[in-house]
Amino acid sequence: MDLRELMIGDWVMYTSDKPENAFPIQVTVGMFNDEFVKWPNRFEPILIDENFVKQNFDEWDGGYGWINLENDIRVQYYLHEFRLTKYTPANNIISRNSCHYVHELQHAFKLMGINKNILVV
């Protein structure tokens, strides 16, 4: 994982010394001067999976997750292609991004102007 891609607030997996000790952690300012310098190989991206989409999107139909925004704008995540799309009320595409990992989805949300708290369990 290229740690230069990360921003404060991103979710990553801290792999620790054993796989059973791994846990998700949110990036903080101090990590850029401390943890990332001492243990750069102990951080991995978190792959978006079905459980993540179910937890973080308003609707889930087995393939697509949906978030309803104001003014009838909707955001769709297609899990099988790791594709995030923002639609107008007339179903025209406003923006489309490829997001395999949670931190990529967080960046895409910021670019799309979506203010959403992400849950990672």
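Residues numbered from 1 in each chain as written. Predicted model: local features only at pLDDT ≥ 70, side-chain atom pairs only at ≥ 80, totals over all residues. Heavy atoms only, no water.

A. Inspection of the overall build of the chain at higher detail. Helix and strand counts for the chain stand at three helices and eight strands. Expressed as a percentage of the 121 residues in the chain, the buried residues total 38%. Sequence separation of at least 24 residues holds for 41% of the intrachain contacts in the chain that already meet a minimum separation of 6. Approximately 7,300 Å² of the chain is accessible, and the part contributed by carbon and sulfur atoms is 48%. If the 11 positive side-chain charges of the chain are averaged to one point and the 17 negative ones to another, these points end up 2 Å apart. (Helix = DSSP H or I, 4+ residues; strand = E, 2+ residues; numbered from the N terminus. Buried < 20%, exposed > 50% of the residue type's maximum accessible area, 1.4 Å probe, protein only. Contact = heavy atoms within 4.5 Å. Areas by Shrake-Rupley, 256 points an atom, 1.4 Å probe, with all protein chains shown as cover. Lys, Arg positive; Asp, Glu negative; His and termini not counted. Charge placed at Lys NZ, Arg CZ, Asp CG, Glu CD.)

B. The arrangement of the sheet that holds strand 3 (residues 43-44) in detail. If you walk across this open sheet you meet the three strands as 2-1-3, and the pairing is antiparallel. The open sheet has two free edges, formed respectively by strand 2 (23-26) and strand 3, since each of these has just one partner strand. (Pairing = 2+ DSSP bridges.)

C. The pattern of salt bridges, seen in detail. Tallied over the entire structure, the rule returns five salt bridges. Between Asp34 and Lys38 there is a salt bridge, and its shortest N-O distance comes to 3.0 Å. Exposure remark for Asp34: the relative accessible area of 29% places this residue in the partly exposed category. As a salt-bridge pair, Glu50 and Lys54 come within 3.0 Å of each other at their nearest N and O atoms. (Salt bridge = Lys/Arg side-chain N within 4 Å of Asp/Glu carboxyl O.)

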